Amino acid sequence: DAGVTQSPTHLIKTRGQQVTLRCSPKSGHDTVSWYQQALGQGPQFIFQYYEEEERQRGNFPDRFSGHQFPNYSSELNVNALLLGDSALYLCASSRRGGQGYEQYFGPGTRLTVT
Amino acid sequence: RKEVEQDPGPFNVPEGATVAFNCTYSNSASQSFFWYRQDCRKEPKLLMSVYSSGNEDGRFTAQLNRASQYISLLIRDSKLSDSATYLCVVLNANDYKLSFGAGTTVTVRA
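Structure report, in brief. All values reported here derive from a predicted model rather than from experimental measurement.

Looking at the overall build of chain A
1) Next: Each helix and strand in chain A was counted, giving zero helices and 11 strands.
2) Next: The N-to-C order of helical and strand elements in chain A reads β-β-β-β-β-β-β-β-β-β-β.
3) Next: Against the globule reference of 13 Å for 114 residues, chain A gives a C-alpha radius of gyration of 13 Å, in line with a compact fold.
4) Next: C-alpha extents for chain A along the principal axes are approximately 40 × 25 × 25 Å.
5) Next: The contacts of chain A with a sequence gap of at least 6 include a subset with a gap of at least 24, amounting to 54%.
6) Next: With an accessible surface of roughly 5400 Å², chain A has 47% of that area assigned to carbon and sulfur atoms.
7) Next: Taken together, the 10 basic and 10 acidic charged side chains of chain A have centroids lying 8 Å from each other.

Right, here's the structure in full:
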C-alpha cells in the first residue's frame, strides 16, 4: 500500500519563476491538503482539495493555486516566486469522514528560490 | 496570538527518563487533537490522536484538558530513537483546518 508520494524532492528556482509541485494521496484517501513549512516552524496550511475543488484556504496570496484531478492526485502551483517562498512543501492526504480527520504526509518537496 | 503554542525546548533527557511537555490552543471551537513526530528534514508522522480526556499508546500518554485548552504528551522510558520534534496539531471544528504548533524538540542522550 503506497503512502503519500510527492515530486520532485528538491527544486531550485529563481525569483519571478513559476513552479508546479505534485502529490499522489495514500490509497483510499480522497482529500489532499498542502502545507508550507519554513525552517524552525510548524507547517502552515495553504489549502485543501476535495472532489476536485478547493474547499479551504489558509492565509496565502493568490500566487498560490492548486488543482485536484479525478484520481485524487493534486498539484500546487506558485507564480512569481519570491525568496520567502523557499520552504519545505508538504502534501497530506486524508479520507473525508475518517476518524479524527487524521492526515498522512508525503516526504515533501524542498523548494529553494534564489 | 498563535492558534497553537508549544514550548520549543529543547528537552535533553537521559535514556530511560520520563519527559513531558504541553501545548496550548486558543480556539475553543477546536474539535480534534493530534501529536505528530517530525525527524530532521523529514515529513511529520502521526504519533497519536488524542481522544476525549486522553489516551495511552505504549510508552506515550496524551492528555487533553478542554477547560484549560491544553494538551500534553508524556514519554516514559525514553529511547534514543525518541529524539525528534513533536508537533501539536489542532483541528478547528468550524472550518476543518489543521493548525500546527512550531514543535517541541526532544533529545534523548545515552
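Once you've had a look at it, read on.
Some details on the environment of S28(B)
1) Next: You can see S28(B) is positioned in the loop between β3 (19-25) and β4 (30-38).
2) Next: Considered as a pair, S28(B) and N92(B) are 64 residues apart in the sequence and their alpha carbons are 8.6 Å apart.

Comments concerning the state of the cysteines
1) Next: Under the defined criterion, the tally for this structure stands at two disulfides over all chains.
2) Next: A disulfide bridge connects C23(A) with C91(A), and the sulfur atoms are separated by 1.7 Å. On the sign convention where negative is left-handed, the bridge of C23(A) and C91(A), at about -50° about the S-S bond, is left-handed. Taken together, the positions of C23(A) in strand β3 (residues 19-24) and C91(A) in strand β9 (residues 87-94) put the pair 68 residues apart, joining distant regions of the chain.
3) Next: One disulfide bridge connects C23(B) with C88(B), the sulfur atoms lying 2.0 Å from each other.

Conventions we followed
The residue numbering used here restarts from 1 in each chain and proceeds along that chain's sequence as written. Numbering of ligands from 1 and lettering of chains from A proceed in the order in which they are written. Owing to the predicted nature of the model, reporting of local features is limited to residues with pLDDT of at least 70; listing and counting of side-chain atom pairs is limited to 80 or more, with chain, interface and lining totals taken over all residues. Working from all heavy atoms in the structure, the side-chain values ignore hydrogens and water. Comment: elements are numbered from the N terminus, with helices defined as DSSP H or I runs of at least four residues and strands as E runs of at least two. Put simply, the radius of gyration uses C-alpha atoms, and a globule should come to 2.2 Å times the residue count raised to 0.38. Contacts were defined at the residue level, with two residues in contact if any of their heavy atoms lie within 4.5 Å. Computed with the Shrake-Rupley method and a 1.4 Å probe, the accessible areas treat only the protein chains shown as cover for residues. Counting rule for charge: Lys and Arg are taken as positive, Asp and Glu as negative, and neither His nor the chain ends is counted. Where a charge sits is defined by one atom per residue type, namely NZ (Lys), CZ (Arg), CG (Asp) or CD (Glu). Cysteine sulfur pairs qualify as disulfides if the two atoms are within 2.5 Å.

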